[in-house]
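Listed here are the chains, written in short residue letters.
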Amino acid sequence: MSRYNAAEAEPKWQAFWTENRCFAAEADPARPKYYVLEMFPYPSGRIHIGHVRNYTMGDVIARFKRARGFNVLHPMGWDAFGMPAENAAMERKVHPGTWTYDNIAAMRGQLKRMGLSLDWGREFATCDPEYYAQQQALFLDFLEAGFVYRRESVVNWDPVDMTVLANEQVIDGKGWRSGAPVERRALTQWFFRIADMADELLAAIDGLENWPEKVRLMQANWIGKSRGLQFAFDTLGAPEGHERLEVYTTRPDTLRGASFAAISCDHPLSLALEGTVEGLDAFSAECRRLGTSEEQLEKAEKRGFDTGVRVKHPLIEGETLPVYVANFILMDYGTGAIFGCPAHDQRDLDFARKYGLAVLDTYHPKGLEDFPESPEAGHAEPYVPLKSETVRYVRPVQGAHRDMTGDRAIAEAIDWAEQAGMGEGVTKFRLRDWGVSRQRYWGCPIPVIHCPNCGIVPVPKDQLPVRLPDDIDFEKPGNPLDRHPTWAHVDCPVCAAPARRETDTMDTFVDSSWYFARFTAPRAETPTVMEDAAYWLCVDQYIGGVEHAILHLLYSRFFARAMIATGHLPEGAAEPFDALFTQGMVTHETYRSADGRWLTPDEIRRDAESATEIASGDAVEIGPSIKMSKSKKNVVDPDAIIQQYGADTARFFMLSDSPPERDVEWTAAGVEGAWRFLQRVWRLATELGAAPAAEGPTDPAALALRKATHKTIAGVTADIEGFTFNKAVARLYELANALGSAAQQAEASGMAQARREGIETLLRLMNPMAPHLTEELWQTLGHTTPLVDMPWPQADAALARDDVILLPVQVNGKKRAEVEVARDADKDSIQALVLETPDVVRYLDGKPPKKVIVVPGRIVNVVV
RNA sequence: GGCCCCCUGGCGGAAUUGGUAGACGCGGGGGUCUCAAAAACCCUUGCCUUAGGGCGUGCCGGUUCGAGUCCGGCGGGGGCCACCA
């Protein structure tokens, strides 16, 4: 009995595809196109199992669409700038470029061993000067068009990496790579004007129908549109020029309950008061020192400092509110000043309790007309009633009056305030401009020159790229470009005076914001070629991890719009990714020895219930299945799997067990299962007899097999279209089971033909998942056209449909019988048949049924 | 704190979107072949029950002829954002 030899077959077919340029894409307006893209990898040195899952899914789609007649673009590249290369340079004294390109070479080899249908002719790395030259050209066009600007800003400074981090790169107050607590520093930075586009980026989310709802929500929340009221308090006792205090609120309906105002320590009023109010300077200094990490925020008390300044209550004549500087007010959201309504906001309530401020309700609690007007028992905070008969005390927010708040009350309050000339309804966004300056070497240089006479001067386009110098020194922290003896020194292109290059490089998110477009014309002397972009874009299917749901995708959407505005993309390409799929992680059990050492899967022997360490024979504690990580040692190496079982087994397993959007657990048993199935398919195909003899009358068993075959075609096709690969795999198993049974009845008339049809169909349906094995078998069966060039099989509708169906019969909602009826039988005849069925007669007990519900093709329910 | 999602056998998961719950796989049990083992193949496998049947999709309630699916409440798990006014 022969076996599938992956070690021989896989390289053979990979060479065949390469030699025949099977996956080289060429724009052809006469053919419908399909652009499949997986998020390109960072060249860390080795592919990991998550890559295998990601690229396998993409490859299934690419090969499927190809077989369906599409002109498929399926490219691969490298997100190659970034700090790991610099870290490697510092640790191992190797040039970041050398390290990166070596890694790319290694990973390219690994990807090729997976047998992916990639157009390697379009490959590029973002650190290629040919790529970043075009990125610099884009930057200059963006600068000219006003999408880029420079300003001083307080930035997140990573003291270990000595670089600026975007807000998004600060996680829990720590640098996302170094993990060091982030400090605040004022620096002049380059920004992309993404905030101006907030409304459009938000509105367009509605059109992204083929994106996961989860991602659309995350983007919408990130953009953070809010509608509120902006108005000014009149101040009492404030310094000159601060007669009014602007505040913004999303809850103008609670304004009557205001009992204090609070401002940021960086607010102009607070700054003006510094030095004039005793204790304020010290308090402000303390606020500025406050960290921004989650724990710090959690623990940080809500503290305020009474400035002595007061503001007039805008709704209650004669009433005034104290103005506090408070440590929880952000200067860069809204106006940096708020009013506090303790009755309707937990934080304001905490603050009010602490400083003995009034807690005033603005709503009469529904159904609680006798609610006490004095503090409820159990509340110890002082109660200071305002002189207004409409004001009542209630507990904050929750409960009976919740239904009276909400959008309607807010909208009415804004209308009222506008008509009263008190303030105006405004829309604010959470989204801030995108700071792209990085004080790093291994990134795309920002192509401008600082001239003492002319100021900021763009590098003329014919002088692009501004290349990174090769002779660099990583001995000291900070930016090597800044320290380079000659690189930054350059004459001004306008006045020829000695000038200095910009030494900041771009955030690597810039690199990945337009690579999808570059793939449509990867060797062009301009960033894109309109004709190619118009043909290939948008990306029809984008696949990657949900960790990029916000930043990368939002930046790409911004870039696409900016590129349209600067003439680099056609109108209509504003949304770069028509369909998005976010795949789950690959997890693995963790193993720990009695003395607490983490063990790799290779170091243990796993039985059904337990595990032992191979070296010692000791029992091993089995931990939960979690994301693979080096520290927990629960890592499997894709290369080792491919070497042992072949790429097809790894690919097939990645698709079989779990729905693609969910996490999948990597288990040795699962891999074995996939391997066994592939061997079974091998056997089914190789044991198939010679070409079928002349046809006799078709035996029912043969017809049943043909029906199973065609149902499988319809099902697998729908499953691949719907990204339910696990279901497609289940159907392939079912067909293989049917073929196995059929082999036992090989003598039945028409069975030889039915088996051949079934097996060939199985191979064709499996081809996108296990391309090598199926090509090999296809050839073995005598075909000269390789599967890669075969069209997708078509289901025969008549065969895929059942003519007679088994209809379940319920009595009072419980299944009691089944009846066999024609698929298109009418309700009356079904009902008549059901009422004669012995099991139903028994339950009727001689009486007529109260009701009979017949759902043709589904079910019958008899109510007695 | 805000927004969102999920909960189905021992396990991963199906269920035509309100119509036979548990497809398919893993694991388990039994068998065939073999001197033996591996491989392979066959049968079996939600729980309870002596038959007939009863019970079952986190828990409680509701809507419906019919609920894993819809509604309300509770419990548990997870994700994203977060001093955002």
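Treat the numbers as computed from the prediction; the structure is a model and nothing was measured.

Concerning the overall build of chain A
Scanning chain A from terminus to terminus reveals 27 helices and 33 strands. Dimensions of chain A along its principal axes, counting C-alpha atoms only, are 105 × 90 × 65 Å. For chain A, the share of sequence-separated contacts (at least 6 apart) that also reach a separation of at least 24 residues comes to 72%. Looking at chain A as shown, the accessible area adds up to about 39000 Å², and 50% of this sits on carbon and sulfur atoms. Once the 94 positive and 123 negative side-chain charges of chain A are each reduced to a mean point, those two points are 3 Å apart.

Considering the packing of aromatic side chains
The geometry of an aromatic ring pair comes down to the distance between the two centres and the angle between the two planes. By the definition in use, this model includes 48 aromatic pairs. Taking the centre distance of 4.9 Å and the plane angle of 50° together, the rings of Phe351 and Tyr355 count as tilted. Of this pair, Phe351 and Tyr355 both sit in helix H11 (residues 346-355), four residues apart, roughly one helical turn. According to the relative accessible area criterion, Tyr355 is partly exposed, its value standing at 26%. Over the aromatic face of Trp17 sits the side chain of Arg63, whose NZ or CZ is 4.4 Å from the ring centroid. Lying over the aromatic face of Trp120, Lys112 brings its terminal NZ or CZ to 5.1 Å of the ring centre.

Quick word on helix H24 (residues 771-780)
Among the ten residues in H24, eight count as buried, and that is most of the element. Along H24, the positions that sit buried rather than exposed are Pro771, His772, Leu773, Thr774, Glu775, Glu776, Leu777 and Trp778. Where H24 is buried, its residues touch helix H1 (6-19), helix H2 (49-67), helix H19 (647-656), helix H20 (668-686) and helix H23 (751-766). Looking one or two residues beyond H24, the residue adopting positive phi is Gly782, at roughly 100°.

Some details on the side chain of Glu38
Mapped onto the fold, Glu38 is located in strand E1 (residues 33-38). Look at Glu38: it is buried, it has no salt bridge, and the nearest opposite charge is Arg651 at 9.3 Å. A distance of 2.6 Å separates the side chain of Glu38 from the side chain of His74, its partner in a polar contact.

Describing the sheet that holds strand E20 (residues 498-501)
Read across the open sheet, the four strands follow the order E18-E17-E20-E19; overall the sheet is antiparallel. Each edge of the open sheet carries a strand with a single partner, namely strand E18 (455-458) and strand E19 (489-491). On average, each strand axis in the sheet is tilted by 40° relative to the strand beside it, whichever way the strands run. Pairing of E19 with E20, which is carried by three bridges, proceeds in the antiparallel orientation. Looking at E20, one finds that Asp491 is bridged to Pro498.

Remarks on the packing of helix H21 (residues 700-721) against H23
With their axes 9 Å apart at the nearest point, H21 and H23 run at an angle of 15° to one another. One finds that H21 runs roughly parallel with respect to H23. Seen from above, H21 lies across H23 with left-handed handedness. In this structure, H21 uses Ala701, Ala702, Leu705, Arg706, Thr709, His710, Thr712, Ile713 and Val716 to contact H23, whose residues at the interface are Met751, Ala754, Arg755, Glu757, Gly758, Thr761 and Leu765.

Digging into the sheet that holds strand E2 (residues 71-73)
Read across the sheet, four strands follow the order E2-E1-E22-E23 without closing on themselves; strand pairing throughout is parallel. Lying at the two open borders of the sheet, with one neighbouring strand each, are E2 and strand E23 (580-583). Taking each pair of neighbouring strands and ignoring which way they run, the sheet shows an average axis angle of 20°. Two elements, E1 and E2, share three bridges in a ladder whose sense is parallel. The partner of Tyr35 across the bridge, within E2, is Leu73. Helix-sheet contacts for H2 involve E1, E2, strand E22 (541-545) and E23, and the interaxial angle to E1 is about 175°.

Structural notes on H19
One turn of an α-helix holds 3.6 residues; hence residues three or four places apart share an orientation. Where burial is concerned, most of H19 is hidden: ten out of the ten residues are buried. Among the residues of H19, Ala647, Asp648, Thr649, Ala650, Arg651, Phe652, Phe653, Met654, Leu655 and Ser656 are the ones counted as buried.

Side note on the pattern of salt bridges
What the rule picks out here adds up to 33 salt bridges. Here Asp234 makes a salt bridge to Arg244, at a shortest N to O gap of 3.2 Å. You can see Asp234 sitting in strand E8 (residues 225-236) and its partner Arg244 sitting in strand E9 (residues 244-249), a full ten residues away along the chain. Residue class for Asp234 comes out partly exposed when judged on its relative accessible area of 33%.

Some remarks on unusual backbone geometry
Residue Pro465 is reached from Leu464 by a cis peptide bond, and omega for that bond is 0°. The residue after Leu537, namely Cys538, is reached through a cis peptide bond having omega 5°. On the secondary structure map, Cys538 appears in the loop between helix H16 (530-536) and E22. At Arg21, a position not held by glycine, the phi torsion is positive, near 50°.

With respect to the protein's contact with RNA strand B
The environment of RNA strand B is made up of 54 residues, and the closest members are Thr250, Lys302, Phe328, Leu330 and Lys727. Among all atoms of RNA strand B positioned within 4 Å of the protein, those belonging to sugar or phosphate total 62%. Within the backbone of Leu330, one N or O atom sits 2.5 Å away from a base nitrogen of RNA strand B. Lys815 has a polar side-chain atom sitting 2.9 Å from a base oxygen of RNA strand B. If one sorts the elements of the surface near RNA strand B by residue count, helix H22 (residues 725-744) sits on top with six residues.

Let's talk about the side chain of His74
Structurally, His74 can be placed in the loop between E2 and helix H3 (83-92). Given the relative accessible area of 2%, His74 is considered buried. Here the side chain of His74 touches Ser117 through a polar contact of 3.0 Å, landing on its backbone oxygen. With residues up to four places along the chain from it excluded, the contact list for His74 reads Val36, Glu38, Gly58, Asp59, Ala62, Ser117, Leu118 and Asp119.

Here's the deal with the environment of Val323
Tracing the backbone through its elements, the reader meets Val323 in strand E12 (residues 320-326). Val323 gets classed as buried once you look at its relative accessible area, which sits at 0%. It is 94 Å that separates the C-alpha atoms of Val323 and Ser749, two residues lying 426 residues apart in sequence. The residues contacting Val323, other than those within four sequence positions of it, are Leu245, Ala261, Ile263, Leu269, Phe305, Asp306, Thr307, Gly308, Val309, Arg310 and Val311.

Observations regarding a negative patch on the surface
Taken together, the side chains of Glu246, Asp415, Glu418 and Glu424 make up a negatively charged region of the molecular surface. If you trace the backbone, Glu418 turns up in helix H12 (residues 407-419).

Considering the nonpolar core
Counting 177 residues, the largest nonpolar core has Phe192, Trp434, Phe559, Trp666 and Met766 as the members making the most contacts within it. The dominant element in this core, judged by the number of residues it contributes, is helix H17 (residues 551-565), at ten residues. Among all residues touching Phe559, those that are not within four sequence positions of it are Leu138, Phe142, Phe192, Trp434, Val510, Ser513 and Trp514.

Re the pairing of E12
Counted residue by residue, E12 has six buried out of seven residues, so it is predominantly covered. Here strand E10 (residues 260-263) runs beside E12; their pairing, made up of three bridges, is parallel. When the sheet's bridge partners are listed, Ala262 is paired in E12 with Tyr324.

A word on the packing of H19 against H24
As a packed pair, H19 and H24 sit with axes 7 Å apart at the nearest point and diverge in direction by 120°. In terms of orientation, H19 and H24 fall into the oblique class. Contacts from Ala647, Asp648 and Arg651 in H19 reach Pro771, His772 and Leu773 in H24. Considering only residue class, the contact of H19 with H24 consists of three nonpolar, one polar and two charged.

Thoughts on the pairing of strand E31 (residues 814-822)
Looking down a regular strand, the side chains alternate between one sheet face and the other. Judged from the eight bridges that link them, strand E30 (residues 804-811) and E31 form a sheet pairing that is antiparallel. Of the residues in E31, the one forming a bridge with Ile805 is Val821. Taking the residues between adjacent antiparallel strands as the criterion, E30 and E31 are bridged by two residues, where Asn812 takes a positive phi near 50°.

Cut-offs applied
- Residues numbered from 1 in each chain as written.
- Chains lettered and ligands numbered in written order.
- Predicted model: local features only at pLDDT ≥ 70, side-chain atom pairs only at ≥ 80, totals over all residues.
- Heavy atoms only, no water.
- Helix = DSSP H or I, 4+ residues; strand = E, 2+ residues; numbered from the N terminus.
- Contact = heavy atoms within 4.5 Å.
- Areas by Shrake-Rupley, 256 points an atom, 1.4 Å probe, with all protein chains shown as cover.
- Lys, Arg positive; Asp, Glu negative; His and termini not counted.
- Charge placed at Lys NZ, Arg CZ, Asp CG, Glu CD.
- Phe/Tyr/Trp six-rings, centres within 6.5 Å; stacked < 30°, edge-to-face > 60°.
- Buried < 20%, exposed > 50% of the residue type's maximum accessible area, 1.4 Å probe, protein only.
- Lys NZ or Arg CZ within 6 Å of the ring centre and 35° of its normal.
- Salt bridge = Lys/Arg side-chain N within 4 Å of Asp/Glu carboxyl O.
- Polar contact = N/O pair within 3.5 Å; in protein donor to acceptor, adjacent residues only side chain to side chain.
- Pairing = 2+ DSSP bridges.
- Axes fitted to C-alpha atoms, helices over the stretch in contact; angles between N-to-C directions.
- Parallel < 35°, antiparallel > 145°, perpendicular 65-115°, else oblique.
- Left-handed = near helix turned anticlockwise from the far one by under 90°.
- Near = heavy atom within 4 Å.
- Patch = residues over 30% accessible without salt bridge, like charges linked within 9 Å, V, L, I, M, F, W, Y side chains within 5 Å.
- Core = buried A, V, L, I, M, F, W, Y, C linked by side-chain atoms within 4.5 Å.
- Nonpolar A, V, L, I, M, F, W, Y, C, P; charged D, E, K, R; others polar.

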